[in-house]
Amino acid sequence: MSVEYDPVTKIWKGPEVEYAFGNKSVAEVGYAELLKDLNHVCQISDDTGEVYTNERMLKASVSFANGLKAAGIKKGDVIIVLLHNHHYLLPTWFGAVLAGVILCPFHYTDTAVKDDLPDILRKLNPKLMVTSYLDLIDVFNDAFDKVNIKCPIYVYENEIEGCHDLKPLFHDYFTSFEEFKPATVDDPEHDTFVLILSSATTGKAKLIKCTHKQLLTQYTYNLRNITFISTALPGWQSEFIFGIGCLLNNCLRVTRHNMTIDQFLMILDKYKAFACLVKPKDIFDILKSETIKKVDLSSLVIVVSSGHHLSPELNRQFQEYVPNGIILSVYGTSELGGGTTEASQLDPDTPNLVGRVKQNFQYYVLNEEGERVGPGEVGELCYTSTSPFVGYFEDEEASKKSVTKDGFFYSGDRGYLDVHGNVFLQDRKKYEISYRGKALNQWDVEKIILEKIDKHAIRDVCVVDIESKDHGMMPIIAIVPGDEKEALSEAEIIQVVMKHHPFEFETKVFFFDKLPMTISGKHKKYLVREMVMEKIANGK
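Conventions and cut-offs
- Residues numbered from 1 in each chain as written.
- Predicted model: local features only at pLDDT ≥ 70, side-chain atom pairs only at ≥ 80, totals over all residues.
- Heavy atoms only, no water.
- Axes fitted to C-alpha atoms, helices over the stretch in contact; angles between N-to-C directions.
- Helix = DSSP H or I, 4+ residues; strand = E, 2+ residues; numbered from the N terminus.
- Left-handed = near helix turned anticlockwise from the far one by under 90°.
- Contact = heavy atoms within 4.5 Å.
- Nonpolar A, V, L, I, M, F, W, Y, C, P; charged D, E, K, R; others polar.
- Buried < 20%, exposed > 50% of the residue type's maximum accessible area, 1.4 Å probe, protein only.
- Pairing = 2+ DSSP bridges.
- 1 Å grid on protein atoms, 1.4 Å probe; cavity = no way out; pocket = protein on both sides within 12 Å on 5 of 7 lines; lining within 4 Å.
- Points joined across faces, edges and corners; volume = space filled by probe spheres on them.

1. Digging into the packing of helix α4 (residues 117-124) against helix α5 (residues 137-146)
As a packed pair, α4 and α5 sit with axes 9 Å apart at the nearest point and diverge in direction by 65°. As for how α4 packs across α5, the hand of that crossing is right-handed. Here α4 contributes Leu117, Pro118 and Leu121 to the contact with α5, which in turn contributes Val139, Phe140, Ala143, Phe144 and Lys146. Split into classes, the residues belonging to the contact of α4 with α5 amount to seven nonpolar, no polar and one charged.

2. A word on the pairing of strand β3 (residues 41-45)
Along β3, four of the five residues are buried, which leaves the element largely enclosed by surrounding structure. Of the pairings in the sheet, the one linking β3 to strand β4 (residues 51-53) comprises three bridges and is antiparallel in character. Residue pairing in the sheet places Gln43 in a bridge with Tyr52 of β4. Where β3 and strand β13 (residues 252-255) come together, three bridges link them in parallel fashion. Paired with Gln43 across the strands is Arg253, a residue of β13.

3. A look at empty space enclosed by the protein
Counted under the stated rule, the structure contains four cavities of 30 Å³ or more. Roughly 60 Å³ of volume is contained in the second largest cavity. For the second largest cavity, the full set of lining residues is Phe193, Val194, Ile196, Cys210, Thr211, Gln214, Leu215, Gln237, Phe240, Ile241 and Gly337. Elements supplying a minimum of two residues to the lining of the second largest cavity: β10 (192-197), β11 (207-211), α6 (212-218) and α7 (237-248). For the lining of the second largest cavity, the per-class residue count stands at seven nonpolar, four polar and no charged.

Structure follows, in structure tokens:
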């Protein structure tokens, strides 16, 4: 089935596939799937040796669901789960799903969540929290106190005063499979079943509402009965999707708490994994590791690179160690439940290709004037699907601003499509890049220059990123000098940036007479990048 392009509406439509699950909830679909083969091994914890068959997974999950009810947690209540990738993570997630509570797989960082934590908790109003981050218990208790929320905290094999023991929830409340009834849903297209916390790269974290239909749509045609391993953290949407998805697709998921890159490589070899999910930073570290030369990755057929851009050079180098596999890039957004394109094989000759319009998705591209444009024309990518964006939790204003009048989601990403529906990405969302695994925001660098350098010495600045063999991606500073042109030098600018930036990074400075702008006063970054690349090519 091919993607259709309508030259009148300038909309690309992916193949239409009938939704297969009717009004069923994720709980109903998953419960029925696991019951089909109770002896199937669905999870192995490599560090503890804990093995879960479908039967053990169901018993633990059913007990957890009933235990939530015994604790007074009702269908539709919110619970927070902030866990490492322990063997009991998945039964916690799936037990919450079976109970019909709204699950929030939380993540916490000092830079992205710390300052906003009380506000996030106020919106969530959680009735229960599960965590293995024992060093953060006081942080959350203080935040709960600030917003006057009473939320019991559960930890595994509890030895902490004021907390509750999680372990009995997995054993003491089991009822027979025949007696237990998984939670149902009234409207799978709109009813929230999980809240994903955004990464907050350029602003406050948002709580993204994800629906039953969004997740089930992801698994209408995925591979089944494979061994899957991931380096993603449990608070990321991708890890949640693949975790629950492995249950729905009768796969084996191998986990490990606090997994190093060397351990990851050895686990891939040990369990002869068929597929894995990695970040570009992982591939960068893999190529530096001596372990990659000692393991056999011939079993790998699918490697999914997600989260940031993977440079063609890193892709080429890693491909040599995956002789029977392909390295795929997926483009998507949490707001629409995950991938919005079919995964495409990374190709050094088309480095901006991020896949083809996915089934049941529609795309169009808006130029700077807000007009739809056709194949090959660059603009903001907008999309929707039969499982559309339903909004941010407790944030109606942000929800309205995120969609067009006809319900397409503003991606914030610049790119274009060809007539066949292939999607090409030029500027990544929020202008954030991954530099040796660290998040580097281009605007932060621009701001330092604008604030710390004499205003008479600089007229304009724009930071763009280029591919680097050493760093994956590398920021480049484009400067329009001011009246005191002689006072500027590349070394002085870099010195100022490094003095005020949180970490050092390699960069270069190029000078221009002017930089291309939009009618709204923003830089056309993809054109600035082309200007920079031209100077590099000419050796200037």
